[in-house]
Amino acid sequence: MEFLKRIVAIYLVLTALAVFFNFILTPVYHDGSPEYPIWEWINYFMAAGVVLALIANFARKRASTDPYATDADVMWANIALYASIALAMLFFWQYLWLMYPENETGDAALSHTLYFPFVDALYVVVALDSVRFLWRRE
């Protein structure tokens, strides 16, 4: 089980770093077209990462019900779980918009210029926090 936790943690670190660096470097290399081919590839890996982070934080929440868990452990487990749930809802809503671009017009297209950066930043935070939980030894 420990080996599987480490593999998931490594996957989350790699995807979080890819999102982090691509988020920062997109304005440098992007040509101004409406397509973002690198983000299209990263989104596939992010989808798996969102699900893995949700599972990891659910396990973290379950572990916080241990009678020896401190109040701080319980609080941070709750925060991590609810942040993972919010990330999953927002990411997969975004993902469906990307699958059906003909539905995106006017205000919806404008809202995504604010929405996508928020989801990307939230992914990095949730993924790295999940890694911190997965990597520690019990």
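See the structure shown above.
Cut-offs and rules
Residue numbers run consecutively from 1 along every chain, following the written order of its sequence. Note on the predicted model: pLDDT of at least 70 is required for a residue's local features to be given, and 80 or more for side-chain atom pairs to be given and counted; whole-chain, interface and lining totals, by contrast, use all residues. Hydrogens and waters are ignored; side-chain quantities use all the structure's heavy atoms. Put simply, DSSP marks the helices as runs of H or I at least four residues long and the strands as runs of E at least two long, and each gets a number from the N terminus on. Here the expected span of a helix is defined as 1.5 Å times the quantity of residues minus one. Here the bend at each residue means the angle between axes fitted to two seven-residue stretches, the one ending at that residue and the one beginning there. Relative accessibility under 20% of the residue-type maximum defines a buried residue, over 50% an exposed one, and the middle range a partly exposed one, all with a 1.4 Å probe and only protein chains included. Note on patches: the residues involved have over 30% relative accessible area and no salt bridge, like charges join within 9 Å, and the nonpolar side chains Val, Leu, Ile, Met, Phe, Trp and Tyr join within 5 Å. Calculation of accessible area relied on Shrake-Rupley with a 1.4 Å probe; when residues are assessed, cover is drawn exclusively from the protein chains displayed. For this document, the term salt bridge refers to a Lys or Arg side-chain nitrogen within 4 Å of an Asp or Glu carboxyl oxygen. To get an axis, a line is fitted to the C-alpha atoms, and for a helix only the part in contact is used. The angle between two axes follows their N-to-C directions and goes from 0 to 180 degrees. By convention the crossing between two helices is left-handed if the near helix lies anticlockwise of the far one by an angle smaller than a right angle, and right-handed if it lies clockwise. Whether two residues are in contact is decided by their heavy atoms, any of which lying within 4.5 Å being enough. Throughout, the ten residues Ala, Val, Leu, Ile, Met, Phe, Trp, Tyr, Cys and Pro are labelled nonpolar, Asp, Glu, Lys and Arg are labelled charged, and all others, Gly among them, are labelled polar. Between the rings of Phe, Tyr and Trp (Trp by its six-membered ring), a pair exists once the centres lie within 6.5 Å; its type follows the angle of the planes, with under 30 degrees stacked, over 60 edge-to-face, and the other angles tilted. Distance and angle both matter: a charge sits over a ring if NZ of Lys or CZ of Arg is within 6 Å of the ring centre and within 35 degrees of the ring normal.

## Some thoughts on helix α2 (residues 37–63)
Taking 1.5 Å of rise per residue, the 27 residues of α2 would be expected to cover 39 Å, and the 39 Å separating its terminal C-alpha atoms lies within 8% of that figure. Of all the bends in α2, the greatest, near 25°, is centred on N43. Residues W39, I42, N43, M46, A47, G49, V50, A53, A56, N57 and R60 constitute the buried set of α2.

## Quick word on a nonpolar patch on the surface
Together, L17, F20, F21, F23, I24, L25, V28, Y29 and I38 give the surface a local cluster of nonpolar side chains, amounting to about 840 Å² of exposed area. Looking at where V28 falls in the secondary structure, it is placed in helix α1 (residues 2–29). The class for V28 is exposed, based on a relative accessible area of 68%.

## Description of the packing of α1 against α2
Contact pair α1 / α2: the axes reach a minimum separation of 10 Å and the direction vectors enclose 145°. By crossing handedness, the relation of α1 to α2 is classed as left-handed. Packed against α1, whose contacting residues are V8, Y11, L12, T15, A18, V19, N22, F23, T26 and Y29, the element α2 presents I38, W39, I42, F45, M46, A48, G49, L52 and A53 at the interface. Counted by class, the contact of α1 with α2 contains 15 nonpolar, four polar and no charged residues.

## Points about the pattern of salt bridges
If you walk through the whole model with that rule in mind, you get three salt bridges. Two residues, D129 and R60, come together in a salt bridge whose shortest N-O distance is 2.6 Å. Taken together, the residues D129 in helix α4 (residues 106–135) and R60 in helix α2 connect sequence positions 69 residues apart. Relative accessible area serves as the criterion here: at 8%, R60 is assigned to the buried category. In this structure, R132 engages D129 in a salt bridge whose closest nitrogen and oxygen atoms are separated by 3.0 Å. Placement of the pair is R132 and D129 together in helix α4, with a separation of three residues, close to one helical turn. Linked by salt bridges that have partners in common, R60, D129 and R132 make up one network.

## Some thoughts on the packing of aromatic side chains
In the structure shown here, the tally under the stated rule is five aromatic pairs. For the pair F20 and F21, a centre-to-centre distance of 5.1 Å together with 80° between the ring planes defines the contact as edge-to-face. Considering the side-chain rings of F91 and F92, the 5.1 Å spacing of their centres and the 85° angle between planes classify their relative orientation as edge-to-face. The ring of F133 has K5 lying over it, and the distance from NZ or CZ to the ring centre is 5.8 Å. Between the NZ or CZ atom of R6 and the centre of the ring of W135, over which it lies, the distance is 4.2 Å.

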